[in-house]
Amino acid sequence: MGDPVPEQGMISLNDFHIAAGGTTGTACNLNEADIRGLIDKASGAAMNFAEWYGAGASIHGTAIVADYVDGQYFDQSGYASGYIGSITDATIDSFQNSGLCQITQVQNLAGTLSLIIGVTSGSKTFNNSGFTTLNLYLGQTTNSGSPDVELPRVDANFTSNTNQGQWAWDVATLGGNTSPTFVNGIFGTSTTNNFIEMV
Amino acid sequence: MTFTYSHITRDGVQITILTDTNQRTSEVHSVLNADDTVNIPLSNKAAESLYYQYTTVQDQIDRISLIDSAQVKDTTYLNGSAARTDYAVDTTEGQVIVTKLNNEFSGEVPSYDDNSMNLVGEYTAQRPPYNVNNTISFYNFDALTDTIKTRFGATYQEYRKWYGLKFDTVTKEVLAKFVIPDGEMKRVDIDNYTKINDALPAVSYPFYARIHDESGDVNENVDVYFQADPDVMQTWCTNNSHVFPYDTTDTTIVPMLFIWGCVYNTTTEEITHVKAYTRTTA
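Predicted, not measured: the structure shown is a model, and the values here were computed from it.

Could you give an account of the overall build of chain B, with specific residues and numbers?
In terms of helices and strands, chain B carries seven helices and 13 strands. A compact globule built from 282 residues should have a C-alpha radius of gyration of about 19 Å, and chain B, at 20 Å, falls within 12% of that. C-alpha extents for chain B along the principal axes are approximately 65 × 40 × 30 Å. Here chain B, with 282 residues, has 37% of them falling under the buried criterion. Sequence separation of 24 or more characterises 58% of the internal contacts of chain B that already satisfy a separation of 6 or more.

In structure tokens form, the structure reads like this:
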């Protein structure tokens, strides 16, 4: 992901392209998946330039302490509310038209990395939208530099359960996976500090 | 639970969407045939696996996490009732079996109880390849040694973190059970791997075990282990004439389930036994 589209003032298709990770000045169009994906539009949908203001900016970022569990049957690595690790700022200010969403899990369990978002109160039906990429910055507590692992939402399997949305990536296909064995950990095989960011 | 399925293309990606009667959904990338058409049965099964992964399967995963591994009592259900029990080596029951191992099979491994996660069980076998003699099983969570691999002719590229030794208390014969990841089974025997996967219902986190004798021969019976929804398993057993492993009127069993297993005979190409495992403390 490149710089986000400016929050105000004059904006251009080139700004959108850069925000989507494209190269400035190269050919593109509004209906390209990554560009309309910045504002969660389906192919061919009506779009207004004003909808791109601020697009590509971080939706939510937080440090997490990822624990590692050398389990009898499964290894676990990451943060899972009430089980392992901790999170600095679980609450997402605005997500899928709600101010009551919180991250409850970013965890690699048995080779599947899951991002689970629930609600702090009330009820909500989640859908497969709301962010473009989950970025993982390993071994650091901010989003400085480039992410170590970029997980496009479109590559994830998605489940909408009772008051929960779950995105799941197959770890074996991800970057940053250095272990060839089933027992591997995106976050490592010890307690580590990391930063996660939804953009 | 009744599901409906839809198969769509979004952003150039073919997606299968499962929706239940409560409007809960699961979306997976569709499984494609060689001609890029959607393989509907496999795609629907993948969506079902994901659906259960965050519900009843998660309950089984949590069961493993919640029980102190040093106090484990695992019960295996087979043919409708409890067939055997394994204990962590530090439990009272486990120590009794460890003493027998030390007396009758000393030197097979450096120690039977140096790792509190190790499990032992004593039982009379109810299925091939184990014969009818009294058998002691030992599941070792210490790293698999080259000595064991060489002795039983195991040359896998990947192993899970535990393996088993089966001691026949009468003949003194020893068998080794090597536990390998899903991908390793696919690598070493893709034909049977495919047949087993085709035969199973929607399951999660599968892995395999192959039994070697001291000649290095691999037994025709292969174990596959996985997490799965109990209702799915019951329906599948009924539809395929498999004996369901436990008494479904005993409502105490499902909350304690943590894993399932099937025995697949690679000669007859059929699943011969379905097993369910519960975990409690000794």
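Tell me about the confidence of the model for chain A, residues and numbers included.
Taken residue by residue, chain A gives an average pLDDT of 85. The fraction at 70 or more is 91%. This model gives residues 176-183 of chain A a pLDDT under 50, and the stretch forms 17 contacts once residues within four places in sequence are excluded.

Go over helix H3 (residues 92-104) of chain B, please, and point to the residues and values.
All names here are of chain B. With 13 residues, H3 should cover 18 Å at 1.5 Å per step; its first-to-last C-alpha distance of 19 Å lies within 8% of that length. Along H3, the positions that sit buried rather than exposed are Gly94, Ile97, Val98 and Leu101. An end-on view of H3 places all buried positions within 105 degrees of arc, on one side of the element. Every exposed residue of H3 that faces more than 90 degrees away from the buried side is listed here: Thr92, Val96, Thr99, Asn103 and Glu104. On its buried face, H3 is in contact with strand S5 (81-88), strand S6 (119-124) and strand S7 (134-140).

Lay out the domain arrangement of chain A in plain terms, naming residues and giving numbers.
By a widespread convention, an interface's size corresponds to the accessible area lost as its parts come together. You can read the domains of chain A as domain 1 (13-52) and domain 2 (60-198). Between the C-alpha centres of domain 1 of chain A and domain 2 of chain A the distance comes to 26 Å.

What counts as what
Residues numbered from 1 in each chain as written. Chains lettered and ligands numbered in written order. Predicted model: local features only at pLDDT ≥ 70, side-chain atom pairs only at ≥ 80, totals over all residues. Helix = DSSP H or I, 4+ residues; strand = E, 2+ residues; numbered from the N terminus. Rg over C-alpha atoms; globule rule 2.2 N^0.38 Å. Buried ≥ 20, exposed ≤ 12 C-beta atoms within 10 Å, placed from the backbone. Contact = placed C-beta atoms within 7 Å. pLDDT = per-residue confidence, 0-100. Expected span 1.5 Å × (residues − 1). Arc of directions from axis to C-beta. Domains from an automatic or database assignment.

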